[in-house]
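# Commentary on secondary and tertiary structure
The lines below spell out each chain.
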Amino acid sequence: MGNEISFPRQQARTQRFTLGAPRTFTVAPDGAKVYFLRTAAATSRANGLWAFDTASRTESLLVDPGVLLTDPEDLSPEERARRERSREQAAGIVGYSTDADVRRAAFTLSGRLFVVELATGEVRELPVTGSVIDPRLDPTGHKLGYVAEGALHVVDLDAVGDPGADENSGAGEDRILAEPDGPDVTWGLAEFIAAEEMGRHRGYWFSPDGGRVLATRVDNSPVSRWHIADPANPATPAAEIAYPAAGTPNAVVEVAVLGDGRVDVAWDREAFPYLNAASWTSAGRPLLQVQSRDQRRVQVLAVDVETGATEVVADDTDPHWLEVVPGAPRWTPGGELVRVLPVDGANRLVVGDRAWTPDGLQVRAVLDVAEDGVLLTASADDPTQVHVHLATADGVTRLSTEDGVHSAVRGGGVLVLVSTGMDHFGAKVTVSATTAGSATATAAPAEIGTFAETPVLTPDVRLLTVGERDLRAALLFPRDHVPGTKLPVLLDPYGGPHAQRVLAARNIYLASQWLADQGFAVLVVDGRGTPGRGPAWERDIAFDFAGATLEDQVDALRAAAEVEPDLDVNRVGIRGWSYGGYLAALAVLRRPDVFHAGIAGAPVTDWRLYDTHYTERYLGHPDDEPEVYDANSLIADAPKLERPLMIVHGLADDNVVAAHTLRLSSALLAAGRPHTVLPLSGVTHMTPQEQVAENLLLLQVDFLRKALA
């Protein structure tokens, strides 16, 4: 492709170069096939379901969404909300489930329910009433669960559409296992807090034999109601959402075992109101992880499916908080409990009562638990690298060898390694053998192809370690920069917990390089609170968002300027989105001596308006710590503004609602402080619209050029 297209337009139309890239992998138990999702082109949003044959190394399209769905995609409000929580911007098949033997897969298109026989590619649509959410096959592949209109359904797949089925047997009946007993009740779905902050996007789990279902009952009636209006279309009624802001009631989450009847699961929900995770494998009783509201105590419970009684199999505490780690807790096949806990300065894998990973290896996620060990991702002494490891009782083996950020899926003696690095665009997906009996054992690793577009620019990144706290930073100059020429500096951070911007992955820096090419030295910094550097580093921001995270940006800027004289510290801007937007506004309000202009995208300006699980973890309960909330919020700082500030916000944002920007703007106006507000009509916390995403970058550059001239 030539350079006839601008980078902002290219990034927008390819959804940051994710379209066309393979994703969401499943390996068959015999290792013969790898199934995955991918769009058919770099600018197509509709994912299809593909198969990769590990013996022949060929790919085939099993399910083409364009064949099944000829009308434009039509999503229910519930499905739109679910995708917003998971930051899903694509279309077509955005998720699928398989049985344990990977014979069948289930998925939805426009709320319609489909099942595909993976061996033949035969697809059938199941008749349903209502718009389907989260279809899941049971491990045996004979039953299919789904949620519609808040009710949890189960269908006998082997009888559906079978002309030989006995019409009087009841086989194939779409059976409702549980239905709402009130307008604010749902069964089998994750509530807002679980999906937005805990990484739990599901609300039901089949038993290994498919005979029972562990399901959540969510009652949103205690949760405060907020209203998201569409000012550009005043005839459209405002959307009502249940939003649990800090200090206010959460949804009531209960769990029941469903089958021929209902058995309620008992635990101290007053002391442990949060359900972080659940799992049900053949290794033992189903597990729940529950958490206190202050998040300083977590219990892992084993459930008696006959009585609903629970046994506490682990009870952990921390003076600050305990993180929810993806993939844990789980049983090993031998019946030992797998957890990730802060132990001796590291987030370590603990199996039974013994740590399997060493001090200094920071476990990020548990990927798989099997007879031969626990597959996980972790960082060692360099937090910009994330590697795949296999941990056993005898030690830890690193499976990813090249520098970069890696994840993996495995099965049937096959490892699917997804790798990003500084020496290539996007992710490389390699398929290799892990055991001698696998289908790929005699061959070199194969690669699953990508249709993702190649960016029109290549980032030139210097990864730095700066300052007294060894802050990790990335520095980018214009690609035509002449050494000795002073440049205005643009800080481009996220800077808060749960996310890193400084990683050994090329695509992360594409927008930063484009910004640099507009005439800036761009500096990206990960400060205290960001993941990958251990419990103490993560907890250094406790009760102090504003102090710790801003101080680290200032320290990194000064340290970088000491080693790079072309940074003009008399012309410094800062931009960011979400927490990065908060940090940008904070910077110009509280450190105008350092920052001369800021662009705050979707900023949290008053932490009392953000959700319970995230905010209370770091700042405590607002009734107990009102001074902490005052010290970390921005509204009272409005009279201090003396630098140019642009605030950008999507008016349809139901995560960081537009009230954050409007309240800060009102306070700035009341104080007589000029500022710019850019409202984005119809835009949520994501900015998927192509024209909006492109022009947003262009407007930011124009603002910064004028402000830092």
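The rules we used
- Residues numbered from 1 in each chain as written.
- Predicted model: local features only at pLDDT ≥ 70, side-chain atom pairs only at ≥ 80, totals over all residues.
- Heavy atoms only, no water.
- Helix = DSSP H or I, 4+ residues; strand = E, 2+ residues; numbered from the N terminus.
- Expected span 1.5 Å × (residues − 1).
- Buried < 20%, exposed > 50% of the residue type's maximum accessible area, 1.4 Å probe, protein only.
- 1 Å grid on protein atoms, 1.4 Å probe; cavity = no way out; pocket = protein on both sides within 12 Å on 5 of 7 lines; lining within 4 Å.
- Points joined across faces, edges and corners; volume = space filled by probe spheres on them.
- Nonpolar A, V, L, I, M, F, W, Y, C, P; charged D, E, K, R; others polar.
- Salt bridge = Lys/Arg side-chain N within 4 Å of Asp/Glu carboxyl O.

For the chain, an unreviewed UniProt entry supplies the name Prolyl oligopeptidase family serine peptidase and the organism Saccharothrix xinjiangensis.

## Some remarks on unusual backbone geometry
Following Ala328, the chain continues into Pro329 via a peptide bond in cis, with omega recorded as 0°. Even without being glycine, Phe17 reaches a positive phi, approximately 65°. You can see Phe17 is positioned in the loop between helix H1 (7-13) and strand E1 (23-27). Even without being a glycine, Thr24 presents a positive backbone phi close to 55°. With respect to the helices and strands, the residue Thr24 is situated in strand E1.

## Some details on helix H12 (residues 690-707)
If you check H12, its first and last C-alpha atoms are 26 Å apart, about what 18 residues at 1.5 Å a residue would give, namely 26 Å. Burial in H12 covers these residues: Ala693, Glu694, Leu696, Leu697, Gln700, Val701, Phe703 and Leu704.

## Re empty space enclosed by the protein
Applying the stated criterion to the full structure yields 3 cavities of 30 Å³ or more. Approximately 180 Å³ is the volume found for the largest cavity. As for the largest cavity, its lining consists of 16 residues, and the residues nearest its centre are Gln289, Glu323, Val325, Val340 and Leu341. Ranked by residues supplied to the lining of the largest cavity, first place goes to strand E26 (residues 337-343) with 5 residues. Looking at side-chain class alone, the lining of the largest cavity contains 10 nonpolar, 2 polar and 4 charged residues. Computed from the structure, the second largest cavity encloses a volume of approximately 40 Å³. Every residue along the wall of the second largest cavity is listed here: Lys143, Val154, Arg175, Leu177, Phe206, Gly210, Gly211, Arg212, Val213, Leu258 and Gly259.

## Focus on the pattern of salt bridges
Within this structure, the stated rule accounts for 48 salt bridges. Put simply, Arg83 and Glu73 hold a salt bridge, and the shortest N to O gap is 4.0 Å. Remark: Glu73 occurs in the loop between helix H2 (65-68) and helix H3 (77-85) and Arg83 occurs in helix H3; sequence separation between them is 10 residues. A salt bridge links Asp315 to Arg297, with the nearest nitrogen and oxygen atoms 2.7 Å apart. Taken together, the residues Asp315 in strand E24 (residues 310-317) and Arg297 in strand E23 (residues 297-303) connect sequence positions 18 residues apart.

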